[in-house]
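Given next are the chains, with one letter for each unit.
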Amino acid sequence: MKFFIDTANLAQIREAHSLGILDGVTTNPSLMAKEGVKGERNIFDHYKKICEIVDGDISAEVISTDFEGMIAEGKKLAAIHKNIVVKVPMIKDGVKAIKWFSDNNIKTNCTLVFSSGQAILAAKAGATYVSPFIGRLDDTGWDGLALIRELHQIYTIQNFNTQILAASIRHVNHIIACASAGAHVCTSPLDSILGLLKHPLTDAGLLKFIEDSKKMQEAVLA
Ligand code: E4P
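Here the structure is a predicted model, which means the values were calculated and not measured. (Residues numbered from 1 in each chain as written. Predicted model: local features only at pLDDT ≥ 70, side-chain atom pairs only at ≥ 80, totals over all residues. Heavy atoms only, no water.)

**Student:** Could you clarify how one ought to interpret the overall build of the protein in this entry?
**Tutor:** Looking only at helices and strands, one finds eleven helices and eight strands in the protein. Each principal axis of the C-alpha distribution contributes one length, and for the protein these read about 80 × 40 × 30 Å. Here the protein holds 222 residues, and the buried ones make up 46% of them. In the protein, the proportion of contacts linking residues at least 24 apart, taken out of those at least 6 apart, comes to 56%. Within the structure as shown, the protein displays about 11700 Å² of accessible surface, and the carbon and sulfur contribution to it stands at 55%. Each charge class in the protein can be summarised by its mean position, and for the 23 positive and 24 negative side chains these summaries are 3 Å apart. (Helix = DSSP H or I, 4+ residues; strand = E, 2+ residues; numbered from the N terminus. Buried < 20%, exposed > 50% of the residue type's maximum accessible area, 1.4 Å probe, protein only. Contact = heavy atoms within 4.5 Å. Areas by Shrake-Rupley, 256 points an atom, 1.4 Å probe, with all protein chains shown as cover. Lys, Arg positive; Asp, Glu negative; His and termini not counted. Charge placed at Lys NZ, Arg CZ, Asp CG, Glu CD.)

What follows is the structure, encoded as structure tokens:
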């Protein structure tokens, strides 16, 4: 499973990248707004900076909701860098736009996906990635991980090339369950990625080893 970070924060992207396990980045208009990025030039510069940090697929979302607008925006976004993936919402014009981008060799990430029906449409249109939002499903009493399991089954049986990019990750157990359910990619906030490191027995064990290594050094010096 590939690891993407779900943020537009450059410091967090650098920190995750420094671990050596980062395969890409996802952003959305809310995450970009959180960083205070405003205006087309600044937005494009920000994506460029992300592309300079991570050599992997970087999702940049269109804001338009009509076919022509999405195509015009997507072309500009794709021209920023070879690693930009145009993120398109799962709406009727979005499906048409994904098909157009796919026919024109521009990578896409179909976002705001909450059902298998939507994911089948995204795959039929030729999306590079489909982003089921598992945290938002869980928040509203649905089962986000059940959707990942069903998509894995459908995409495998149907031999679809679209990659399942599990999004809206809330915690460490989501990442582990996505790996076990067959997600191709999991995009997570930095906290959840770093959370994978943690285990109290690791901390206690390391403390003991450090203490005993001091005794060992005392024994050598005595
Ligand atoms: C990423 O592609 C999605 O936009 C993001 O994971 C949504 O996460 P949220 O539900 O925490 O806003």
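There's plenty left to go through after this.
**Student:** What am I meant to see in the packing of aromatic side chains here?
**Tutor:** By the definition in use, this model includes four aromatic pairs. Relative to Phe-160, the ring of Tyr-155 has its centre 5.4 Å away and its plane inclined at 80°; by these criteria the two rings are edge-to-face. Given a relative accessible area of 3%, Tyr-155 falls into the buried group. (Phe/Tyr/Trp six-rings, centres within 6.5 Å; stacked < 30°, edge-to-face > 60°.)

**Student:** Quick question: what am I supposed to make of the nonpolar core here?
**Tutor:** Grouped together as the largest cluster of nonpolar side chains are 59 residues, with contacts concentrated most on Ile-5, Leu-77, Ile-84, Ile-148 and Cys-178. Here the element with the most residues in this core is helix 8 (residues 144-158); it accounts for six residues. Ile-148 has contacts with Pro-132, Ile-134, Ile-164, Ala-166, Cys-178, Ala-181 and Ala-183, leaving out every residue within four places of it along the chain. Core analysis: the next-biggest nonpolar cluster, separate from the first, contains five residues, Phe-4, Val-85, Leu-165 and Val-185 among them. (Core = buried A, V, L, I, M, F, W, Y, C linked by side-chain atoms within 4.5 Å.)

**Student:** Whenever I open this one, the site of the ligand confuses me. Can you help?
**Tutor:** If you check the shell around the ligand, you find Asp-6, Thr-26, Asn-28, Lys-87, Phe-133, Arg-136, Ala-167, Ser-168 and Arg-170 and nothing else. Asn-28 places a polar side-chain atom, nitrogen or oxygen, 2.7 Å from an oxygen atom of the ligand. When the ligand is considered free in solution it has 350 Å² of accessible area, and contact with the protein chains removes 84% of it. Class assignment of the residues belonging to the shell around the ligand gives a composition of two nonpolar, three polar and four charged. (Near = heavy atom within 4 Å. Polar contact = N/O pair within 3.5 Å; in protein donor to acceptor, adjacent residues only side chain to side chain. Nonpolar A, V, L, I, M, F, W, Y, C, P; charged D, E, K, R; others polar.)

**Student:** Sorry, what's going on with the pairing of strand 4 (residues 84-89) here?
**Tutor:** The side chains of a regular strand alternate between both faces of the sheet. Among the six residues in strand 4, six count as buried, and that is most of the element. Across four bridges, strand 3 (residues 57-61) lies against strand 4 in parallel orientation. If you follow Ile-58 over to strand 4, its bridge partner there is Ile-84. Chirality of the crossover, the property in question, places the unit of strand 3, helix 4 (residues 67-80) and strand 4 among those that are right-handed. As paired strands, strand 4 and strand 5 (residues 108-113) are joined by four bridges and run parallel to one another. Along strand 5, the bridge assignment pairs Pro-89 with Thr-111. For the crossover that starts at strand 4, traverses helix 5 (residues 92-103) and ends in the parallel strand 5, the hand is right-handed. (Pairing = 2+ DSSP bridges. Right-handed = clockwise from strand over helix to strand, strands pointing away.)

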